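Next come the chains, spelled out residue by residue.
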Amino acid sequence: MRILLVEDEPDLGAVIKQTLNREAYVVDWITDGTEAWWYLTNQEVEYTLAILDWLLPGLSGLELCRRLRKNNNPMPVLILTAKDKMEDKVAGLDAGADDYLVKPFGNEELLARLRALQRRSPKFQPQPLQVGNLLLDYSTRTVTLNNSSGVAPAISLTAKEFQLLEYLMQHPNQIVSRHQIRNHLWELDTEPISNVVAAQMRLLRQKLASLDCDSMIETVQGMGYRLNPAHVSRKTV
Ligand code: CA
């Protein structure tokens, strides 16, 4: 799951990003409204939802929201603002925002609002993802195997391992390149670290090895990786 965060207060932005990263969200954090519009219209990146501060340099959060709705983009939007007068809330909701959070707020409240937003938007609500016998559970951030001999113990994944496996499971039997994985899992403004994808893949395979299904992730020489759910060891058949 990927979130666009547009917040120009450096301290607040950093805290929100850190909080969301811990919850396994990939976060692109932008501080300028005009730049944010470029991210929102970038076809290569698909956001689960957007958190927009109201007052921003360039385009305001409200204007960004209006533009999204004008483009028929149903992405859930949470507006952040210090404004708490009733007429301001009405303006926010009129612009097409799905919810409204008044500063200052606690991390737990923010996370609860985001979960509620996802529940209200079925398209954006993460359902357990199953490919072959492999089952990825968002609520517990675990992976398990569901096969003829029953359900194997669930294995806990780190935020990045979870994001990587989610991405592979969203593209079963397809070759995904290191470049695609990098763009999906890491923020667009981070410096590329060489071999970061390969290193993360190694960690994920170690976790899957405890379910005897690490062979499901194939390395396609010179091209990338492919999740092949039919490719399982004898023990898991
Ligand atoms: Ca602001």
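Residues numbered from 1 in each chain as written. Predicted model: local features only at pLDDT ≥ 70, side-chain atom pairs only at ≥ 80, totals over all residues. Heavy atoms only, no water.

(A) Structural detail: the overall build of the protein chain. When helices and strands are counted, the protein chain shows 8 helices and 13 strands. Relative to a compact globule of 237 residues, whose C-alpha radius of gyration would be 18 Å, the protein chain shows 19 Å and is just as compact. Along the three orthogonal principal directions, the C-alpha set of the protein chain runs to about 65 × 35 × 30 Å. Expressed as a percentage of its 237 residues, the buried residues of the protein chain come to 47%. Taking all contacts inside the protein chain whose residues are at least 6 apart in sequence as the whole, residues at least 24 apart take part in 58%. Surface exposure of the protein chain reaches about 11800 Å², of which carbon and sulfur atoms provide 51%. Charge centroids of the protein chain, computed over 26 positive and 29 negative side chains, lie 6 Å from each other. (Helix = DSSP H or I, 4+ residues; strand = E, 2+ residues; numbered from the N terminus. Rg over C-alpha atoms; globule rule 2.2 N^0.38 Å. Buried < 20%, exposed > 50% of the residue type's maximum accessible area, 1.4 Å probe, protein only. Contact = heavy atoms within 4.5 Å. Areas by Shrake-Rupley, 256 points an atom, 1.4 Å probe, with all protein chains shown as cover. Lys, Arg positive; Asp, Glu negative; His and termini not counted. Charge placed at Lys NZ, Arg CZ, Asp CG, Glu CD.)

(B) Representation of the sheet that holds strand 4 (residues 77–81). Read from one edge to the other, the open sheet built from 5 strands follows the order 2-1-3-4-5, with strand pairing classed as parallel. Of all strands in the sheet, those bounded by a partner on one side alone are strand 2 (26–30) and strand 5 (99–102). The mean inter-strand angle of the sheet, taken between neighbouring strand axes irrespective of direction, is 20°. The pairing of strand 1 (residues 2–6) with strand 3 (residues 49–53) spans 4 bridges and is classified as parallel. Looking at strand 3, one finds that Val6 is bridged to Leu52. Where helix 1 (residues 10–22) meets the sheet, its contacts fall on strand 1, strand 2, strand 3 and strand 4, and the angle it forms with strand 2 comes to roughly 170°. (Pairing = 2+ DSSP bridges. Axes fitted to C-alpha atoms, helices over the stretch in contact; angles between N-to-C directions.)

(C) Looking closely at the packing of helix 2 (residues 33–40) against helix 3 (residues 61–70). Running from N to C, helix 2 and helix 3 point in directions that differ by 25°, and their axes come no closer than 10 Å. With respect to their mutual orientation, helix 2 and helix 3 come out roughly parallel. Crossing angle aside, the handedness with which helix 2 passes helix 3 is right-handed. Facing Gly33, Ala36, Trp37 and Leu40 of helix 2, the residues of helix 3 in contact are Leu64, Arg67 and Leu68. Here the contact of helix 2 with helix 3 is built from residues that sort into 5 nonpolar, 1 polar and 1 charged. (Parallel < 35°, antiparallel > 145°, perpendicular 65-115°, else oblique. Left-handed = near helix turned anticlockwise from the far one by under 90°. Nonpolar A, V, L, I, M, F, W, Y, C, P; charged D, E, K, R; others polar.)

(D) Focus on the nonpolar core. Among the nonpolar cores identified, the biggest contains 47 residues, and Ile51 and Leu114 are the most heavily contacted of them. It is helix 6 (residues 159–170) that contributes the most residues to this core, 6 residues altogether. Val6, Ala36, Tyr47 and Leu52 belong to the second-largest nonpolar core, a separate cluster that totals 24 residues. (Core = buried A, V, L, I, M, F, W, Y, C linked by side-chain atoms within 4.5 Å.)

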